[in-house]
Amino acid sequence: QHNEANASLDALLPSVLLRGTERYPDMQQISNRLDALYGSTFGTLIRRKGEVKLLGFYADFLEDRFTPQGGIFSGMLEFLEQILYHPYTEAGIFCEEYVEGEKRNLINAIESSLNDKRFYAHSRLVEEMCRGEDYGIPRLGTVENAGKITPQLLWEHYLRTLEFCPVEIFYGGRLSP
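Definitions and cut-offs
Residues numbered from 1 in each chain as written. Predicted model: local features only at pLDDT ≥ 70, side-chain atom pairs only at ≥ 80, totals over all residues. Heavy atoms only, no water. Salt bridge = Lys/Arg side-chain N within 4 Å of Asp/Glu carboxyl O. Helix = DSSP H or I, 4+ residues; strand = E, 2+ residues; numbered from the N terminus. Buried < 20%, exposed > 50% of the residue type's maximum accessible area, 1.4 Å probe, protein only. Core = buried A, V, L, I, M, F, W, Y, C linked by side-chain atoms within 4.5 Å. Contact = heavy atoms within 4.5 Å. Pairing = 2+ DSSP bridges.

**Student:** I keep staring at the pattern of salt bridges and nothing clicks. Help me out?
**Tutor:** Taken as a whole, this structure holds nine salt bridges when the rule is applied. Arg23 serves as the salt-bridge partner of Glu78, at 2.4 Å between the closest nitrogen and oxygen. Highlighted residues: Glu78 in helix α3 (residues 72-85) and Arg23 in the loop between α1 (7-17) and α2 (27-36), separated in sequence by 55 residues. With a relative accessible area of 16%, Glu78 lands in the buried category. Residue class for Arg23 comes out partly exposed when judged on its relative accessible area of 48%. Among the ionic pairs, Glu78 bridges to Arg33, the shortest N-O distance being 3.7 Å. A residue pair is termed long-range when its members are at least 10 positions apart, and Glu78 in helix α3 and Arg33 in helix α2 qualify at 45 residues. Judged by its relative accessible area of 21%, Arg33 falls in the partly exposed class. Each of Arg124, Glu127, Glu128 and Arg131 takes part in a single network of salt bridges with overlapping partners.

Following this line, the structure appears as structure tokens:
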């Protein structure tokens, strides 16, 4: 459910998850792992369909048949499992450095949307037309709400998300089901 209370939390969560895992605790090791998978790419996405928000990741990688030893598909599944279920933590919650860094990126993204006149006009139109409705809340949340996010608050949101939101994986390629 997209609402004011969780809009910025939802927008921040995938980025913090992609900063590190138990097995790949920093961006350098994540980059090394993706390089080892023949330069695979992995990124975050946040989309809204009506009042429902979709958080996710996308990956682009070679099919096993195009590599000498294969293993790319299973390697990407292992990497996805690390990202979703084994995030890097300190003292049982998200790493403060990662949360603060991604929070600054989120705030910059929200503020920079003001410079895109077309996007800003559309956002303001939806905000005014849907005032008081969840649909009128910006996809990335607000600077004010993003600024209030702490590692503990984001960790609690992550646990609720895992408990209540379905995880769906879509694959487009030539492997058999």
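**Student:** Honestly, the nonpolar core in this entry has me stumped. Any pointers?
**Tutor:** One recurring pattern in soluble globular proteins is that nonpolar side chains are buried together. Counting 31 residues, the largest nonpolar core has Leu12, Phe42, Phe79, Phe94, Val99, Leu106 and Leu154 as its most contacted members. Mapped onto this core, the elements with two or more residues apiece are α1, α2, β1 (41-49), α3, β4 (93-94), α4 (96-112) and α7 (151-164). Leave out the neighbours within four places in its chain, and Phe94 touches Leu13, Val16, Leu17, Pro87, Tyr88, Thr89, Val99, Pro151, Leu154, Trp155 and Tyr158.

**Student:** How should I be thinking about the pairing of strand β2 (residues 52-60) in this particular structure?
**Tutor:** The side chains of a regular strand alternate, residue by residue, between the two faces of the sheet. Where β1 and β2 come together, nine bridges link them in antiparallel fashion. Counterpart to Thr41 in the pairing with β2 is Asp60. Here β1 hands over to β2 after two residues, with Gly50 in that stretch at a positive phi of 65 degrees.

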